[in-house]
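In case you want the letters, here they are:
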Amino acid sequence: KKKKNIFKHLREAEGFSAQPYNDVGNTSIGYGRNLTSLGVSKEEAEIMLQNDVARVERELGEFPWFAGLSEPRRTALLGFVYNVGITKFRLFKHCIKNLEEGNFTAAAAEIYPNSAYATQLPDRARLYATWIATDGFET
């Protein structure tokens, strides 16, 4: 009697979806994970966080000046781009130009107070702008 591998079976039966989809009234993802009733565990969220930060770091690595930034400035930009996404970050042309030129006070001002982001998430925008302008983790 041949044994069926449950993982192989479920991969075939469920199929894979990287995007959430409607599954008989529930939101599912992956190989049929029911997000509506199960959600994700903290451990799964930690894995996603690690993967997302690594992706953002790779995306920011496309800017030659990013690697040379101090830890507070890198952390601020990682947090900012994690939040807004790389596509929206690229729209911050004056901020990017100022970062490239080392004009950190001007770059910070493009995030706070001179952005829609600052009106949507003022505390976070102020925090990231402060880290960029002061080169420290002051709050």
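The structure reproduced in this document is the subject of the present report. Predicted model only: the values in this text are computed from it and were never measured.

## Points about the environment of Leu78
Step number 1: Along the polypeptide, Leu78 turns up in helix H3 (residues 71-84).
Step number 2: Using a relative accessible area of 17% as the deciding quantity, one classes Leu78 as buried.
Step number 3: Discounting chain neighbours no more than four positions away, the residues touching Leu78 are Val53, Val56, Glu57, Leu60 and Phe66.

## Quick notes on unusual backbone geometry
Step number 1: Residue Pro113 is reached from Tyr112 by a cis peptide bond, and omega for that bond is 15 degrees.
Step number 2: Positive phi outside glycine occurs at Val24, with the angle close to 50 degrees.
Step number 3: Considering the arrangement of structural elements, one finds Val24 in the loop between strand S1 (17-23) and strand S2 (26-30).
Step number 4: Under the relative-accessibility criterion, Val24 is labelled exposed at 80%.
Step number 5: Even without glycine at this site, Asp135 takes up a positive phi of about 60 degrees.
Step number 6: Turning to its location among the elements, Asp135 is positioned in the segment after helix H8 (122-134).

## Concerning a nonpolar patch on the surface
Step number 1: A cluster of nonpolar side chains, contributed by Ile6, Phe7 and Leu10, occupies part of the molecular surface with about 300 Å² of accessible area.
Step number 2: Relative to the assigned elements, Leu10 resides in helix H1 (residues 6-14).
Step number 3: The exposure class of Leu10 is partly exposed, given its relative accessible area of 38%.

## Thoughts on the packing of H3 against H8
Step number 1: Interaxial distance between H3 and H8 falls to 8 Å at its minimum, and their mutual angle equals 150 degrees. Taken together, H3 and H8 sit at an angle that is classed as roughly antiparallel. Pair H3 / H8 crosses with left-handed handedness. In contact with Pro72, Arg73, Thr75, Ala76, Leu77, Gly79, Phe80 and Asn83 of H3, H8 contributes Arg124, Tyr128, Trp131, Ile132 and Ala133.
Step number 2: Of the residues in the contact of H3 with H8, the class split is eight nonpolar, three polar and two charged.

## Some details on the packing of helix H2 (residues 42-60) against H3
Geometry of a packed helix pair, given as the angle between the helix axes and the separation of the axes.
Step number 1: Contact pair H2 / H3: the axes reach a minimum separation of 10 Å and the direction vectors enclose 110 degrees. Considered as vectors, H2 and H3 are oriented roughly perpendicular to each other. Contact with H2, carried on its side by Leu49, Asp52, Val53, Val56, Glu57, Glu59 and Leu60, involves Arg74, Leu77, Leu78, Val81 and Tyr82 of H3 and no other residues of that element.
Step number 2: A breakdown of the residues in the contact of H2 with H3 according to their chemical character gives eight nonpolar, no polar and four charged.

## Structural notes on H8
Step number 1: With 13 residues, H8 extends 18 Å between its outermost C-alpha atoms, agreeing within 8% with the 18 Å of an ideal straight helix rising 1.5 Å per residue.
Step number 2: Those residues of H8 lying buried are Ala125, Tyr128, Ala129, Trp131 and Ile132. Angular distribution of buried residues about the axis of H8 spans 160 degrees; they occupy a single face of the element.
Step number 3: Where H8 is buried, its residues meet H3, helix H5 (93-101), helix H6 (104-111) and helix H7 (116-120).

## Quick notes on the nonpolar core
Step number 1: Leu60, Trp65, Leu77, Phe89, Leu99 and Ile132 are the most contacted members of the largest nonpolar core, which has 29 residues in total.
Step number 2: At the level of elements, H2, H3, helix H4 (86-90), H5, H6, H7 and H8 are the ones that each hand at least two residues to this core.
Step number 3: Residue contributions to this core peak at six residues, all from H3.
Step number 4: In contact with Leu99, not counting residues within four places along its chain, are Trp65, Leu77, Phe89, Phe104, Ala107 and Ile132.

Thresholds applied
Residues numbered from 1 in each chain as written. Predicted model: local features only at pLDDT ≥ 70, side-chain atom pairs only at ≥ 80, totals over all residues. Heavy atoms only, no water. Helix = DSSP H or I, 4+ residues; strand = E, 2+ residues; numbered from the N terminus. Buried < 20%, exposed > 50% of the residue type's maximum accessible area, 1.4 Å probe, protein only. Contact = heavy atoms within 4.5 Å. Patch = residues over 30% accessible without salt bridge, like charges linked within 9 Å, V, L, I, M, F, W, Y side chains within 5 Å. Areas by Shrake-Rupley, 256 points an atom, 1.4 Å probe, with all protein chains shown as cover. Salt bridge = Lys/Arg side-chain N within 4 Å of Asp/Glu carboxyl O. Axes fitted to C-alpha atoms, helices over the stretch in contact; angles between N-to-C directions. Parallel < 35°, antiparallel > 145°, perpendicular 65-115°, else oblique. Left-handed = near helix turned anticlockwise from the far one by under 90°. Nonpolar A, V, L, I, M, F, W, Y, C, P; charged D, E, K, R; others polar. Expected span 1.5 Å × (residues − 1). Arc of directions from axis to C-beta. Core = buried A, V, L, I, M, F, W, Y, C linked by side-chain atoms within 4.5 Å.

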